[in-house]
Amino acid sequence: MKYKIILAILFIPFFTFAQERSIGIRLGEPLSITYKDFISDYISYEFMLGSAGLNGNSYYQRDFENNPPSNNAFYVAHSSQKGISINARMAYNEDFTETFGIEQGYLLGYGGAGIQLRTANITYTYATGIVSQPGVPLLEEQRTNVDFGPEAFIGAEYYFDDLPINIFAEAGFFLELLDRVGHVKGQGAIGIRYIF
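Keep in mind it's a predicted model, so treat the numbers as computed, not measured.

## Focus: the overall build of the protein
At step 1: Looking only at helices and strands, one finds two helices and eight strands in the protein.
At step 2: Of the regular secondary structure in the protein, the N- to C-terminal order runs α-β-β-β-α-β-β-β-β-β.
At step 3: Relative to its 196 residues, the protein shows a buried fraction of 34%.
At step 4: Across the protein, every contact between residues at least 6 apart in sequence was considered, and the portion connecting residues at least 24 apart equals 65%.
At step 5: By element, 64% of the accessible surface of the protein is carried by carbon and sulfur atoms, the whole surface being about 11400 Å².

What follows is the structure in structure tokens.
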């Protein structure tokens, strides 16, 4: 009996953390399935898998012009499709329930950083001669654009008293380190998670 009590006391922290695990959907940039858990009262980690938005047209045109398939290749157009987005991040969480006088449920504010990998599938149309001349054939090349770098974010999430769900909203930015160093992309989302 004595050992059962000791084991129960040792496993209380794990049962507490298990109640904070949540999975849900994030609507925004990037659009993702999100899994979040707490490793302490204030520190959480999150994994996201989904699809990130595309960069602007000039981004992909510049990418082609910086790396043409041949010396005499001239950009004509491109089409793009979303690829995947994978995020891993950690956040510091603070309870703001009393600050805002909330009487039901509770409100957490959070801020943190992480890493992000994004891809996009690009089909370039180009010519190897002067495009305005008749009879110049148009060629195509398909590429996968891969972007990788850190992200930073802030947000807030509200936990309901009687429902095992929370809702959240956040904003942040992503800084590319691969393949265009220094390119910054704003991000933001709203979402909902089921707590289990």
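## Considering the sheet that holds strand 2 (residues 31–38)
At step 1: With respect to topology, eight strands assemble into a closed barrel ordered 1-2-3-4-5-6-7-8, the strand pairing being antiparallel. Each neighbouring strand pair of the sheet contributes to a mean axis angle of 25°, computed without reference to strand direction.

## Describing the environment of T128
At step 1: Tracing the chain through its elements places T128 in the loop between strand 5 (106–127) and strand 6 (138–159).
At step 2: Along the sequence, T128 and L138 sit 10 residues apart, while their C-alpha atoms lie 7.9 Å from each other.
At step 3: The contacts of T128, once residues within four sequence positions are left out, are S70, N72, A73 and L139.

## Focus on the pattern of salt bridges
At step 1: A full pass over the atoms with the stated rule returns nine salt bridges.
At step 2: Notably, a salt bridge pairs R89 with E46, separated by 3.0 Å at the nearest N-O pair. With a gap of 43 residues between them, R89 in strand 4 (residues 74–95) and E46 in strand 3 (residues 43–51) connect regions that are remote in the sequence. The same class applies to R89 as to E46, namely buried.
At step 3: The partner of R143 in a salt bridge is E141, and the shortest N-O contact between them spans 2.5 Å.
At step 4: For R143, a relative accessible area of 17% translates into the label buried.

## Here's the deal with the packing of aromatic side chains
At step 1: Within this structure, the stated rule accounts for 13 aromatic pairs.
At step 2: Between Y35 and F196, the aromatic rings sit 6.5 Å apart at their centres with planes inclined by 50°, giving tilted as the arrangement. Residue Y35 is located in strand 2, and its partner F196 is located in the segment after strand 8 (184–195); the two are separated by 161 residues in the primary sequence.
At step 3: A relative accessible area of 23% means that Y35 is categorised as partly exposed.
At step 4: For F196, a relative accessible area of 38% puts it in the partly exposed group.
At step 5: Through pairs of rings, three or more aromatic residues link up here, namely Y35, Y45, F47 and F196.
At step 6: We note R89 situated over the ring of F153; from NZ or CZ to the ring centre the distance is 3.8 Å.

Calculation rules
- Residues numbered from 1 in each chain as written.
- Predicted model: local features only at pLDDT ≥ 70, side-chain atom pairs only at ≥ 80, totals over all residues.
- Heavy atoms only, no water.
- Helix = DSSP H or I, 4+ residues; strand = E, 2+ residues; numbered from the N terminus.
- Buried < 20%, exposed > 50% of the residue type's maximum accessible area, 1.4 Å probe, protein only.
- Contact = heavy atoms within 4.5 Å.
- Areas by Shrake-Rupley, 256 points an atom, 1.4 Å probe, with all protein chains shown as cover.
- Pairing = 2+ DSSP bridges.
- Axes fitted to C-alpha atoms, helices over the stretch in contact; angles between N-to-C directions.
- Salt bridge = Lys/Arg side-chain N within 4 Å of Asp/Glu carboxyl O.
- Phe/Tyr/Trp six-rings, centres within 6.5 Å; stacked < 30°, edge-to-face > 60°.
- Lys NZ or Arg CZ within 6 Å of the ring centre and 35° of its normal.

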